[in-house]
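Coordinate analysis (summary)
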Amino acid sequence: MKSLVLTTLIATLPLIAAPAFAADEINVSNGISTAGAPLAAHGVDLVTLVNDGNPVDGFATHSATYDGASYYFTSAANREAFEANPAAYLPQHGGFCSFGVSVGKKFDGDPDQYLVADGKLYLFLNADTRAAFLEDVSATSETADNQWSKIKSIAVGEL
């Protein structure tokens, strides 16, 4: 009986946890952070990245959860700034590579490869995808926005 209960619990856990990230709408790390949700933005403090142009790892002690993902910050003040206005700091396209999204793919977004343009944070897979995006920021970001509306709810493995 104990085995049956354990098996049933294990079988239902994916059904309970799956709705938050069933379609890979936010680029998160595997596993669960100390805040109880998957870690986004590779743990980099988005407030420091946007405001200072410096990708610095945040700390679990200063974490915030937004839209089912955890974000780490270097200080309580940065966490509070994020909580007051998440849209000012969240990366575009769920934190996936914005150039990849422009071509209909969800590649990992690396906070070491980023761009802040027109008050928006864009992450990229690598220096090459960043450079490709920079060739025409306006057109590529518009294409990425249009593609994102089509692929946002599609699982990474289905693209």
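Residues numbered from 1 in each chain as written. Predicted model: local features only at pLDDT ≥ 70, side-chain atom pairs only at ≥ 80, totals over all residues. Heavy atoms only, no water.

1. Observations concerning the nonpolar core
- In terms of nonpolar packing, the biggest core is built from 17 residues, with Leu46, Leu49, Tyr71, Phe73, Phe82 and Leu121 touching the most fellow members.
- At the level of elements, α2 (46-52), β2 (69-73) and β4 (120-124) are the ones that each hand at least two residues to this core.
- Excluding its chain neighbours within four sequence positions, the residues that come into contact with Phe73 are Asp45, Leu46, Val47, Gly58, Phe59, His62, Ala64, Asn78, Arg79 and Phe82.
- By size, the runner-up hydrophobic cluster in this structure holds six residues, among which are Leu115, Ala117, Tyr122 and Phe133. (Core = buried A, V, L, I, M, F, W, Y, C linked by side-chain atoms within 4.5 Å. Buried < 20%, exposed > 50% of the residue type's maximum accessible area, 1.4 Å probe, protein only. Helix = DSSP H or I, 4+ residues; strand = E, 2+ residues; numbered from the N terminus. Contact = heavy atoms within 4.5 Å.)

2. A few points about the environment of Gln92
- One can find Gln92 in the loop between α3 (76-84) and α4 (98-102).
- Ignoring any residue separated from it by four or fewer positions in sequence, one finds Gln92 in contact with Ser98, Lys120, Leu121 and Tyr122.

3. Quick look at the environment of Ala127
- With respect to the helices and strands, the residue Ala127 is situated in helix α5 (residues 127-134).
- A relative accessible area of 45% places Ala127 in the partly exposed class.
- With 17 residues separating them along the chain, Ala127 and Asp110 place their C-alpha atoms 9.6 Å apart.

4. Remarks on the confidence of the model for the protein chain
- Confidence in the prediction of the protein chain, expressed as mean pLDDT, is 87, and 85% of residues score 70 or more.
- In the model, residues 1-22 has pLDDT below 50 throughout and makes seven contacts with residues more than four positions away in sequence or in other chains. (pLDDT = per-residue confidence, 0-100.)

5. Topic: the pairing of β4
- The element β4 is extensively covered by neighbouring structure, given that four of its five residues are classed as buried.
- Two elements, strand β3 (residues 110-117) and β4, share five bridges in a ladder whose sense is antiparallel. Bridge pairing in β4 places Ala117 opposite Lys120.
- Here β3 hands over to β4 after two residues, with Asp118 in that stretch at a positive phi of 50 degrees. (Pairing = 2+ DSSP bridges.)

6. Section: the pattern of salt bridges
- Applying the stated criterion to the full structure yields one salt bridge.
- One salt bridge connects Arg79 with Glu83, and the closest N-O pair in it is separated by 3.9 Å. Placement of the pair is Arg79 and Glu83 together in helix α3, with a separation of four residues, close to one helical turn. (Salt bridge = Lys/Arg side-chain N within 4 Å of Asp/Glu carboxyl O.)

7. Looking at the packing of aromatic side chains
- Per the counting criterion, the structure on display carries six aromatic pairs.
- An angle of 45 degrees between the planes, with centres 5.0 Å apart, marks the rings of Tyr122 and Phe133 as tilted. Of this pair, Tyr122 sits in strand β4 while Phe133 sits in helix α5, and the two are eleven residues apart along the sequence.
- Note on Phe124 and Phe133: the rings are 4.9 Å apart at their centroids and 55 degrees apart in plane angle, and the pair reads as tilted. (Phe/Tyr/Trp six-rings, centres within 6.5 Å; stacked < 30°, edge-to-face > 60°.)

8. A short note on the pairing of β2
- The element β2 is extensively covered by neighbouring structure, given that five of its five residues are classed as buried.
- Of the two faces of β2, the one lined by Ala69, Tyr71 and Phe73 and the one lined by Ser70 and Tyr72 are each fully buried.
- Sheet analysis places strand β1 (residues 59-66) next to β2, joined by five bridges and oriented antiparallel. Following the sheet pairing, Phe59 is matched in β2 by Phe73.

9. Some points on α3
- Restricting attention to buried positions, one finds in α3 the residues Asn78, Arg79 and Phe82. For α3, the angular spread of buried residues about the axis comes to 100 degrees, placing them on one side. For α3, the exposed residues set more than 90 degrees away from the buried face come down to Ala77 and Ala84.
- Contact partners of the buried residues in α3: α2, β1 and β2. (Arc of directions from axis to C-beta.)

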